[in-house]
Amino acid sequence: MNVLWLQSAGCGGCTMSLLCAEGPNVFDLLDGAGIEFLWHPALSEATGGEVLSLLGAVESGEIPLDILAVEGSILTGPKGTGRFHMLSGTGRSMLDWVKSLAPKAQHVMAVGTCATYGGITSAGGNPASAVGVQYDGHHRGGALPAEFCSRSGLPVINVAGCPTHPDWVTETLLLLAAGHLEAEALDSLGRPRFYADHLVHHACPKNEYYEYKASAQSLSQLGCMMEHLGCIGTQAVGDCNIRGWNGDGSCTRAGYPCINCTAPEFEEPNHPFTETPKFAGIPVGLPTDMPKAWFMALASLSKAATPKRIEENAVSDRITVPPQVKARKP
Amino acid sequence: MSAGDLLVGPFNRVEGDLEVRLEIEDARVKAAYVNSPLFRGFEPMLLGKSPMDALTITPRICGICSISQSAAAAQALANAAGIQPTPQGALIAALLHGVENMCDHLTHFNLFFMPDFARPGYAGRLWHERAMARFTAMKGSALRQATEARAQLLHIVGLLGGKWPHTLAIQPGGVTRAPTARDRIRIGSTLTAFRRYLEDVVFGAPVEAFIELTSTNELRAWTRGDAGLFIEIANDLELGRMGIGPGRYMSFGAYPQGNARSFGPGVWEDGSVRPLDTADIREDLSHAWMLGEDAHPTRGQTAPDEDMSEPGYSWCKAPRLAGQTVETGAFARQLVDGHALANDLATQGSSVLARVAGRLLEIARTQLLLERWADAIVPEKRFLDEVTLPNHGEGEGLVEAARGSLGHWLRIEEGRIAGYQIIAPTTWNFSPRDGDGTPGPLEAALVGAKVEPGEDTPLAVQHIVRSFDPCMVCTVH
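Residues numbered from 1 in each chain as written. Chains lettered and ligands numbered in written order. Predicted model: local features only at pLDDT ≥ 70, side-chain atom pairs only at ≥ 80, totals over all residues.

1. Description of the overall build of chain B
Reasoning step 1: Looking only at helices and strands, chain B features 18 helices and 17 strands.
Reasoning step 2: Against the globule reference of 23 Å for 477 residues, chain B gives a C-alpha radius of gyration of 21 Å, in line with a compact fold.
Reasoning step 3: C-alpha atoms of chain B, sized along the principal axes, occupy 60 × 55 × 40 Å.
Reasoning step 4: Buried positions account for 63% of the 477 residues belonging to chain B.
Reasoning step 5: Intrachain contacts of chain B at a sequence separation of at least 6 include 70% that bridge at least 24 residues. (Helix = DSSP H or I, 4+ residues; strand = E, 2+ residues; numbered from the N terminus. Rg over C-alpha atoms; globule rule 2.2 N^0.38 Å. Buried ≥ 20, exposed ≤ 12 C-beta atoms within 10 Å, placed from the backbone. Contact = placed C-beta atoms within 7 Å.)

This is the structure we're talking about:
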């Protein structure tokens, strides 16, 4: 199975993250699954003229394309021309290239939240008029129309994340190569469910603090970051705390909040990223699938029942009160 | 473009997108014009936001210099608040940043730069078969080893920073995670394993032996490890004469802790180092698709010229120091820091050899720094202080990314970001011409490069461009 990878208006961090794949390394992993890059801008030997010939051959259909992978948002500015990103050496915008190549591909895969929904490149006033490959934020219809399906019949496969976990990308590729990624394997925003059916909250080491609503007051404290520090791990999709990043890492494990980077429009939360907006002292944006009244009732009950250990550790940057060792009966 | 011109692109194995137009005469490059073809607009994006949001947004300028961006933003905020991070917080920030820079050097050498020597154009050279076995793009054994070693080393960032790229761990007052004694031991073990990789594979010798090199002749006699293969190739192809830069070098100084920096700051010219004054920086807009006046970054703005009118030919502004071009990067850093090997190499000018050797030297020296910093972690200490930002104020954040000097200039008004300007390393190195018509450092370095018959993407041009380790997504941002 061949892959043509294009880097559009993004930071290149999803490729950099992809290189962090382990057990085995990314080259052996993809090679072992029969996946090869026709061209990858950061990794392939071919440059300049060689690439122009290759792009021409894919566009004309001379080389059949299995997967078009797009990393980075698609710029439509200025004035709808796409000229804020001309694919170098070609005299054509990346917008034009993606529109032309996508219908040739068996599958189209958007890698990272810029490519899926516009992402950080569309933050603020969206100065370059960035959109995702098939979405513009929450709205379906981006560089490609809302109804677009690739030759396989699937819409654009949205491997969202800022950056993407290396396994999210490799496992999507491997599932496609094995013919095991069907429409029902994608969620309502086109994200592969093998990671999007989990929440960042799952296996977060702060879960016990969450249970008692024992909150961190400032960054680096051990307590739950939902009440004060902007953490949206209870709503954000991703198995970040289950599989771990760069070994055993994750945002919440490192003491800073989940900012919901797998979601459309995460870049504009309408409040500072590390502050929780509140209404009448109650955080706005409680877990999505829990009745608010129940949440409040349980929260006040559990808060009242908070053990001293949890209360103290929550506002400390290290464990100051260890769990009690139960004395054996004489 | 006239008949003798070449337009080179897509130019890959650099971070981001790059286009180079070459005027050719007598089989040599007569003039080069470097175009950064992507504009995203991070600076205008930040205006009106809460200053602390810069810590989330600016790392996402770049997926390869992400921690550098993060460290520069944290420093600019700290500077605006008039505070310094806790000493242990600064230590962990240095460790995180050092790991990223190390990984970037490794990625550059193995994945971006060396694969060009495995090209069929070099078939028949004594070293070509070995270069193919080690460095063929995506397949060579060296690439696979480097990728694994890099992924393992980044476990330090996983542990202390949660993930790489785009960590939010580095804050103006320190870092968000207080490491434990167990973490310290794990970091030490990771570094020990990484040293073994460097000594078995990259240098074929203790890292200290490479650091002890004092002259170009000693360097040219280095035969061990992949560094030895590179030197053999460099000797054969005379990479020491290829791609000579402007001869002025700048470093902001790397890894601040207290008032000291592990690699010192300054400007090197004609054999001596003078202090750096960032007040001398101006961004020239004459050949950029940018509107407005030339300005110091504290007063600069970013207003793209949507008509992309001439004489503009790039989205990149042209930063100048006291009106002059300067080269920045690992070689510049080692030179400004006064390393003997860098000083000797500089007598011949910066070249493809000097830039890559500077990076190898820095890999070796950074290993020692990382080990020293890991040993200096004291888990009992404080790692983060809370910081209150002023409602009005200015801050400057100066760091060294793998590929050179990175600056953030922040202005806060009424508690919001009122100005944010960024000058990245490749903005300096790959800048277009300025108002005097002086070409940027890469543009100058390409003049004289050989163009072999039939080449549409000359190999010499590729070596010179990649020797700078450009990061194009940072360049314009």
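Right, picking up where we left off after that structure.
2. Some remarks on the overall build of chain A
Reasoning step 1: The helix and strand inventory of chain A stands at eleven helices and 13 strands.
Reasoning step 2: Once the C-alpha set of chain A is aligned to its principal axes, its extents read approximately 80 × 50 × 30 Å.
Reasoning step 3: Every one of the 330 residues in chain A was classed for burial, and the buried ones make up 55%.

3. Here's the deal with the pairing of strand S7 (residues 254-257) of chain B
Each regular strand displays side chains that alternate between the two surfaces of the sheet.
All names here are of chain B.
Reasoning step 1: Where S7 meets strand S8 (residues 260-263), three bridges bridge the pair, whose relative direction is antiparallel. Paired with Ala254 across the bridge in S8 is Phe263.
Reasoning step 2: If you look at the hairpin formed by S7 and S8, you'll find two residues sitting between the two strands, and Gly258 has a positive phi there, around 65 degrees. (Pairing = 2+ DSSP bridges.)

4. Examining the interface of chain A and chain B
Reasoning step 1: Residue-level contacts link 64 residues of chain A with 72 residues of chain B.
Reasoning step 2: For the side of chain A that touches chain B, the secondary structure elements donating two or more residues are helix H1 (13-18), helix H2 (26-32), helix H3 (49-59) and strand S5 (86-87) of chain A.
Reasoning step 3: Counting residues per element, the side of chain A that touches chain B draws most heavily on H1 of chain A, at five residues.
Reasoning step 4: Split into classes, the residues belonging to the side of chain A that touches chain B amount to 31 nonpolar, 24 polar and nine charged. (Nonpolar A, V, L, I, M, F, W, Y, C, P; charged D, E, K, R; others polar.)

5. Brief notes about the domain arrangement of chain A
Residues and elements named next belong to chain A.
Reasoning step 1: Taken as a whole, chain A is organised into domain 1 (2-194) and domain 2 (198-318).
Reasoning step 2: Taken together, the 17 residues of domain 1 in the interface contact twelve residues of domain 2.
Reasoning step 3: The residue makeup of the side of domain 1 that touches domain 2, split by class, is eight nonpolar, seven polar and two charged. (Domains from an automatic or database assignment.)

6. Regarding the packing of helix H5 (residues 128-135) of chain B against helix H6 (residues 141-153) of chain B
Residue and element names in this part refer to chain B.
Reasoning step 1: Two numbers describe how H5 lies on H6: the axes approach to 4 Å, and their chain directions differ by 35 degrees. Where H5 approaches H6, its residues Ala133, Arg134 and Phe135 are matched on the opposing element by Ser141, Ala142 and Leu143.
Reasoning step 2: Classifying every residue of the contact of H5 with H6 by side-chain character gives four nonpolar, one polar and one charged. (Axes fitted to C-alpha atoms, helices over the stretch in contact; angles between N-to-C directions.)

7. A short note on the sheet that holds strand S9 (residues 266-269) of chain B
All names here are of chain B.
Reasoning step 1: Judged by pairing direction, the sheet is antiparallel, and its three strands sit side by side in the order S6-S9-S10 without closing on themselves. Edge positions in the open sheet fall to strand S6 (248-251) and strand S10 (272-274), since each of these has one partner strand only. Geometrically, the sheet is characterised by an average inter-axis angle of 25 degrees between neighbouring strands, direction not taken into account.
Reasoning step 2: Here three bridges tie S9 to S10, and the two strands are oriented antiparallel to one another. Across the sheet, Glu269 pairs through a bridge with Ser272, a residue of S10.

8. What to know about the environment of Ala27 of chain B
Residues and elements named next belong to chain B.
Reasoning step 1: Take Ala27: it is sitting in the loop between strand S2 (19-25) and strand S3 (28-35).
Reasoning step 2: Between the C-alpha atom of Ala27 and that of Glu452, which follows or precedes it by 425 residues, the distance is 6.6 Å.
Reasoning step 3: Other than its neighbours up to four places away in sequence, Ala27 contacts Lys450 and Val451.

9. A short note on the environment of Arg411 of chain B
Reasoning step 1: By the secondary structure assignment, Arg411 of chain B is in strand S16 (residues 404-413).
Reasoning step 2: Sequence-wise, Arg411 of chain B and Leu6 of chain B are 405 residues apart; in three dimensions their C-alpha atoms are separated by 42 Å.

10. Side note on unusual backbone geometry
Reasoning step 1: Cis geometry marks the peptide bond from Cys162 of chain A to Pro163 of chain A; its omega dihedral reads 0 degrees.
Reasoning step 2: Positionally, Pro163 of chain A belongs in the loop between strand S11 (157-159) and helix H6 (166-177).
Reasoning step 3: In the segment running from Gly9 of chain B into Pro10 of chain B, the intervening peptide bond is cis, with an omega of -5 degrees.
Reasoning step 4: Its location among the elements puts Pro10 of chain B in the loop between strand S1 (5-8) and S2.
Reasoning step 5: Located in the positive-phi region is Lys213 of chain A, a residue other than glycine, with phi close to 55 degrees.

11. With respect to the packing of H5 of chain B against helix H11 (residues 225-237) of chain B
Residue and element names in this part refer to chain B.
Reasoning step 1: Relative to each other, H5 and H11 sit at 140 degrees, their axes nearing to 11 Å. Considered as vectors, H5 and H11 are oriented oblique to each other. As for the relative orientation of H5 and H11, their crossing is left-handed in sense. Facing H5, whose interface residues are Arg130, Ala131 and Arg134, H11 presents Asp226, Leu229 and Ile233.
Reasoning step 2: Each residue belonging to the contact of H5 with H11 can be placed in one class, and the counts come to three nonpolar, no polar and three charged. (Parallel < 35°, antiparallel > 145°, perpendicular 65-115°, else oblique. Left-handed = near helix turned anticlockwise from the far one by under 90°.)

12. Section: helix H14 (residues 352-375) of chain B
Reasoning step 1: The first and last C-alpha atoms of H14 of chain B sit 35 Å apart over 24 residues, in line with the 34 Å expected at 1.5 Å per residue.
Reasoning step 2: Within H14 of chain B, 19 of the 24 residues are buried, leaving the element largely enclosed by the surrounding structure. (Expected span 1.5 Å × (residues − 1).)

13. A few points about H3 of chain A
All names here are of chain A.
Reasoning step 1: By the burial criterion, the buried members of H3 are Val51, Leu55 and Val58. The arc that holds the buried residues of H3, viewed along the axis, is 65 degrees, so those residues lie on one side. Exposed residues on H3 whose side chains face more than 90 degrees from its buried face are Ser53 and Gly56.
Reasoning step 2: Lining the buried residues of H3 we find strand S1 (2-7), strand S2 (36-39), strand S3 (65-71) and helix H4 (94-101). (Arc of directions from axis to C-beta.)

14. Examining the sheet that holds S3 of chain A
Whether parallel or antiparallel, the strands of a sheet pair through hydrogen bonds between backbone atoms.
Residues and elements named next belong to chain A.
Reasoning step 1: Here we have five strands laid out as an open sheet, ordered S2-S1-S3-S7-S11, and parallel in their pairing. The open sheet terminates on both sides in strands that have one partner only, identified here as S2 and S11. Strand-to-strand twist in this sheet, taken as the mean axis angle between neighbours without regard to direction, amounts to 30 degrees.
Reasoning step 2: As judged from the five bridges shared by S1 and S3, these two strands associate in the parallel manner. Directly across from Leu6, in S3, lies its bridge partner Val70.
Reasoning step 3: Where H6 meets the sheet, its contacts fall on S3, strand S7 (105-111) and S11, and the angle it forms with S11 comes to roughly 155 degrees.

15. Remarks on the confidence of the model for chain B
Reasoning step 1: For chain B, per-residue confidence averages 97 on the pLDDT scale, and residues scoring 70 or more make up 99% of the total.
Reasoning step 2: The ipTM assigned to the predicted complex is 0.97, against a pTM of 0.98. (pLDDT = per-residue confidence, 0-100.)

16. Description of the environment of Asn2 of chain A
Reasoning step 1: Mapped onto the fold, Asn2 of chain A is located in strand S1.
Reasoning step 2: Taking the C-beta count within 10 Å as the criterion, Asn2 of chain A has 17 such neighbours and is therefore assigned partly exposed.

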